[in-house]
Protein chains: 2
Amino acid sequence: MHETLLKNIASFIELTDEEKEYFLSILRPKKLRKRQYHVQAGDMCRYETYVVKGCLRQYYVDDEGIEHTVSFAIEDWWTSDMYGLITGNPSLTNIEAIEDSELLLIEKNDFDKLVLAVPKFERLFRIKLQRAFVAHQRRIVENMSMPADQRYLNFTEQYPSLEQRLPLKLIASYLGITPESLSRIRRQLVKGK
Amino acid sequence: MHETLLKNIASFIELTDEEKEYFLSILRPKKLRKRQYHVQAGDMCRYETYVVKGCLRQYYVDDEGIEHTVSFAIEDWWTSDMYGLITGNPSLTNIEAIEDSELLLIEKNDFDKLVLAVPKFERLFRIKLQRAFVAHQRRIVENMSMPADQRYLNFTEQYPSLEQRLPLKLIASYLGITPESLSRIRRQLVKGK
DNA sequence: AAAAAACCTTGATGTATGTTAAGTAACTAT
DNA sequence: ATAGTTACTTAACATACATCAAGGTTTTTT
C-alpha cells in the first residue's frame, strides 16, 4: 500500500516496520474531481497533502480577480496551504484539482504527534523544506532577472511533464504573464526555430 | 554569552543547560568590515550564519552584471547560501556586509551532528523553514500581483528598520526594479501625500 | 448532436518600468 | 582639505508586457 510514497520517504530516512505502519495509519485518503476545490480561500486548512494521482494547482486571487498560480503538484509531490497550516488562520489561497485526483492527507495534529514520536520525520520535512527554500529563491531571482520568454523555456525544461498536461493559461499565470503574452512568446519561439 | 540568540531559540524549543552548552560550543564567531564578502559566488559555503550585529545582503549577479538582492539579514536573523549548503556545489550568490558585522557560524558537519544528537534542533529549523516558505510564497505572489509602488510600501511597512538603514538602490534591487524607478516612485508618493 | 464553456490566438493600443545620460549631493579615503 | 567614489535624482526616450476586443478551436455538458 502506497509504495511510491514509502519509496520517496526511504530516499531520505530509514523507517522500521512499526514506524511505517504508524505513518500509514494517519494518512486519510481523499478523491477530487477535475475542477473541484481541495481548499478554498477562507477555509481552515489543517493538513499536509500528498498527491497519489492527478494534478493540483494552488493559486491566489488578487483584488482585481486575477489568479496567480503559486504552485502545482502532481504525482508524488506534496502540497499544502503552509500559511494556514502554521498560523491557524484561514487560507489565503485556493487549491484546486486540474485533473481527477487522489490524495493522502495528514492532519496537523497527527503530524505534530508523528514528528515528536519519530524525529526522523522532523528530519524528512526539514530537508524537504530546505529544497523548497532553494526552489523558491530561484524562482524569485528568475522572475526578477529574466524576460518572460526565457522563464517559459526554463519552465518547459525544468518541468517537461507539467508542460504537457497543463493548459497554457495556467502556465502563464505561474510565470506571471497573461495568456496572450504566452501565446505570442510561443509563436516567436516557433518562428525562431 | 549570546543571550539574544538563546532567547530566540527558547521561543521555539526548550533546552537543558547541557544542550545549550553543546550548541554554544559549535558556534564560530566571525567579524566583517563593511563591504567585505562573507561568501562569494563560486565559494564553497558550508555553514549557517547568525547575525549578532550588523547587516548582510545576499545577491545574485546575472549575465548582464545586474545585481538582484535575494535577502537581507540583520541582528537576530539567520542567513546562508542554502543552495550551496544542501547541494555541496559552489555558491551561486554573494553574501556581503552592508555594515560592520559580527556573525556566528555553524559548520554543516557540526549542524548535522547537532540535529541528530538533539532532535529539538531539527524541529527548530523545520519551523523556521516553514516560516521562510510562507514568506517566500508571499514575495513571489506580491511580485506577480502588485505594481512596484505598492511593493515598496509593503516593504517599508514590513521592514521599517531595514528601510532606515539600507541605501535605496539595495531596496530597489530587492523589489526587482531599478534605482531610477524607485526614485520616481518615492517622488510620486510624496506628492500624493 | 447540439449547445455551452473553456481555451488559444491575433491585432491595435496603452502603460509601467527600463535605459541612457547628466547633474548634484553625500560620504570615504588619501 | 581634496579628490574620488558612491548614492540619489531627473528627464527624454525605448520596450516588454498588459489590456481590450474579436474570432476560431477544442473540450465539456446536456
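Everything discussed here concerns the structure shown above.
The rules we used
Along each chain, the written sequence defines residue order, and numbers are assigned to residues from 1. Here the convention is simple: chains get letters from A, ligands get numbers from 1, in the order in which they are written. Local features in a predicted model are, by the rule used here, given only for residues with pLDDT of at least 70; side-chain atom pairs are given and counted only at 80 or more, and totals for whole chains, interfaces and linings are based on all residues. The side-chain values count all of the structure's non-hydrogen atoms but skip hydrogen atoms and water molecules. Any Phe, Tyr or Trp ring, taking Trp's six-membered ring, that has another such ring centre within 6.5 Å forms a pair; planes under 30 degrees apart are called stacked, those over 60 apart edge-to-face, and the others tilted. Secondary structure is summarised from DSSP: a helix means a run of H or I of at least four residues, a strand means a run of E of at least two, and numbering begins at the N terminus for each. Using a 1.4 Å probe on the protein chains alone, a residue whose accessible area is under 20% of its type maximum counts as buried, one over 50% counts as exposed, and one in between counts as partly exposed. Whether a residue is near a molecule or strand is decided by its heavy atoms; if any one of them lies within 4 Å of it, the residue is near. Within 3.5 Å is the distance limit for a polar contact, defined as a pair of N or O atoms, with the added protein rule that one can donate a hydrogen and the other accept it, and that residues adjacent in sequence qualify only through two side-chain atoms. For this scheme, ten residues count as nonpolar: Ala, Val, Leu, Ile, Met, Phe, Trp, Tyr, Cys and Pro. Four count as charged, namely Asp, Glu, Lys and Arg, and the remainder, Gly too, count as polar. Contact criterion: two residues are considered in contact whenever any of their non-hydrogen atoms come within 4.5 Å of each other. Put simply, buried area is the surface a 1.4 Å probe can reach on two separate parts but cannot reach once they are joined, added for both. Whenever a carboxyl oxygen of Asp or Glu lies within 4 Å of a side-chain nitrogen of Lys or Arg, that contact is scored as a salt bridge.

Here we take up the packing of aromatic side chains. Two aromatic rings, taken as a pair, are described by how far apart their centres are and by the angle between their planes. Residues and elements named next belong to chain A. If you walk through the whole model with that rule in mind, you get 16 aromatic pairs over all chains. Seen from their ring centres, Phe 155 and Tyr 174 are 5.3 Å apart, and the 50° between their planes marks the pair as tilted. In this pair, Phe 155 sits in helix α6 (residues 148–158) while Tyr 174 sits in helix α8 (residues 168–175), placing the two residues 19 residues apart along the sequence. Judged on exposure class, the residue Phe 155 and its partner Tyr 174 are both buried. The rings of Phe 72, Trp 77, Phe 155, Tyr 159 and Tyr 174 are connected pair by pair, giving a single aromatic cluster.

Looking now at the protein's contact with DNA strand C. Looking at DNA strand C, there are 17 residues lining it, with Leu168(A), Lys169(A), Ser183(A), Ala148(B) and Ser181(B) nearest. Between Leu168(A) and DNA strand C, the recorded distance is 3.0 Å, taken from a backbone N or O atom to a phosphate oxygen. Here a phosphate oxygen of DNA strand C sits 3.4 Å away from a polar atom, N or O, in the main chain of Gly176(B). Taken together, the elements giving at least two residues each to the surface near DNA strand C come down to α8 and α9 (179–192) of chain A together with α9 (179–192) of chain B. Residues that form the surface near DNA strand C fall into these classes: five nonpolar, four polar and eight charged.

Attention now moves to the interface of chain B and chain A. Opposite the 35 residues of chain B that make contact, chain A presents 35 residues. Buried area between chain B and chain A, both sides added, is near 3300 Å², and the carbon and sulfur share of it is 71%. Here chain B and chain A share four salt bridges between them. There are four residue pairs in polar contact (both at pLDDT 80 or more) connecting chain B and chain A. Every element with two or more residues in the side of chain B that touches chain A is listed here: β4 (55–61), β5 (67–74), α3 (82–87), α4 (108–117), α5 (119–145) and α8 (168–175) of chain B. Sorting elements by how many residues they give to the side of chain B that touches chain A places α5(B) first, with 19 residues.

Fair warning: the whole summary comes from geometry, so function is off the table for now.
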